[in-house]
Amino acid sequence: MPQTLTSILNAAAHGRFPPPDGGTTVVPQPSHRDAGVIAFTAHSVVFTDEDPRWVRATLASLDCDELAATMNPRFLAAFLARTGRSTDTIDLLTVASALPGDPPLELRELADPDHPRVSRARKRRDDVRVWAADGGVVVLGRGVAGRWETAIEVDEDVRHRGLGRALATAARHLVPDGGPVWSQQAAGNARSVRAFQAAGFRPVGAEALLIAA
């Protein structure tokens, strides 16, 4: 059976990764919204509706380490130009299993939140839900290939008190159906990386999402 991005992500969520053979797997986009690259250890997955021959020829033309080719700025620039899409950054991709019971802090669900983090989430995720705590919010929604994704925001005046870790942990209690929950952190956002890893999110790769115009 041909691989799909959904099957690859489901396997990775359970610790089964593509073979570390230096290869690149090209799979169709799971939706018009979602195209991009996920780099696992010594194996990359490009999800696009572009011709796979173009992907492989462009990668082969780069003068760089083959293991780094899919995240090389020249490949990403060519990918963006060909698809007419945009991107923000290359993120660390992390995942965690669900946890039983209630979250470790008091939350209230917001029916119609007006928050920059929420507005951004609704452009990139479906079925978005938002909960607020004193000093922060946690967002859940269906993102790439229908996976459940979370993001958090902590107010500046309450940082360094463990709230980020508590909000990220809360997402593991709130994710529906007991499935895995994913999150992306910009590699330079060390506070966010630390908070999610302290909450039990484990790194699985790097991800560059191409955003439709």
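Residues numbered from 1 in each chain as written. Predicted model: local features only at pLDDT ≥ 70, side-chain atom pairs only at ≥ 80, totals over all residues. Heavy atoms only, no water.

Novice: Summarise the packing of helix 2 (residues 52–60) against helix 3 (residues 73–83); cite the residues concerned and give the values.
Specialist: The contact between helix 2 and helix 3 brings their axes to 10 Å, and the two run at 150 degrees. On the basis of the axis angle, helix 2 is roughly antiparallel to helix 3. Both helix 2 and helix 3 take part in a crossing whose hand is right-handed. Residue-level contacts link W54, V55, T58 and L59 of helix 2 to F75, A78, F79 and R82 of helix 3. Taken together, the residues that form the contact of helix 2 with helix 3 break down as 6 nonpolar, 1 polar and 1 charged. (Axes fitted to C-alpha atoms, helices over the stretch in contact; angles between N-to-C directions. Helix = DSSP H or I, 4+ residues; strand = E, 2+ residues; numbered from the N terminus. Parallel < 35°, antiparallel > 145°, perpendicular 65-115°, else oblique. Left-handed = near helix turned anticlockwise from the far one by under 90°. Contact = heavy atoms within 4.5 Å. Nonpolar A, V, L, I, M, F, W, Y, C, P; charged D, E, K, R; others polar.)

Novice: Residue-level account of the nonpolar core, with values.
Specialist: Within the largest apolar cluster, 21 residues are counted, with the highest numbers of intra-cluster contacts made by L105, V138, L167 and F201. Sorting the residues of this core by element identifies strand 6 (126–133), strand 7 (136–142), strand 8 (148–154) and helix 5 (163–174) as the ones contributing at least two each. The greatest single-element share of this core, amounting to 7 residues, is contributed by helix 5. What L105 contacts, discounting residues up to four positions off in sequence, is A133, L163, A166, L167 and A170. Listed in part, the 17 residues of the second largest apolar core include W54, V55, F79 and L210. (Core = buried A, V, L, I, M, F, W, Y, C linked by side-chain atoms within 4.5 Å. Buried < 20%, exposed > 50% of the residue type's maximum accessible area, 1.4 Å probe, protein only.)

Novice: So what about helix 6 (residues 190–198)? Which residues, and what values?
Specialist: Inspection of helix 6 places S192, V193, A195 and F196 among the buried residues, and these make up the whole buried set. All buried residues of helix 6 fall inside an arc of 165 degrees around its axis, so they share one side. For helix 6, the secondary structure elements touched by its buried residues are strand 4 (90–96), strand 8, helix 5 and strand 9 (181–186). The positive-phi residue at the C-terminal boundary of helix 6 is G200, with phi of around 95 degrees. (Arc of directions from axis to C-beta.)

Novice: Could you give an account of the side chain of R172, with specific residues and numbers?
Specialist: Inspection of the secondary structure assignment puts R172 in helix 5. A distance of 2.9 Å separates the side chain of R172 from the backbone oxygen of A199, its partner in a polar contact. Other than its neighbours up to four places away in sequence, R172 contacts A96, S97, A98, L99, V181, A199, G200 and F201. (Polar contact = N/O pair within 3.5 Å; in protein donor to acceptor, adjacent residues only side chain to side chain.)

Novice: Which residues make up the pattern of salt bridges, and what values go with them?
Specialist: Taken as a whole and assessed by the stated rule, the structure comprises 10 salt bridges. In this structure, R33 engages D34 in a salt bridge whose closest nitrogen and oxygen atoms are separated by 3.1 Å. Here R33 ties to D126 by a salt bridge, and the two come within 3.5 Å at their closest N and O atoms. Pair noted here: R33 is in the loop between strand 1 (23–27) and strand 2 (34–40) and D126 is in strand 6, with a separation of 93 residues, a long-range link. On the accessibility criterion, D126 (43% relative accessible area) is partly exposed. Within the structure, one salt-bridge network assembled from shared partners comprises R125, R147, E149 and E207. (Salt bridge = Lys/Arg side-chain N within 4 Å of Asp/Glu carboxyl O.)

From the geometry alone we can't say anything about function, so treat these as descriptive.
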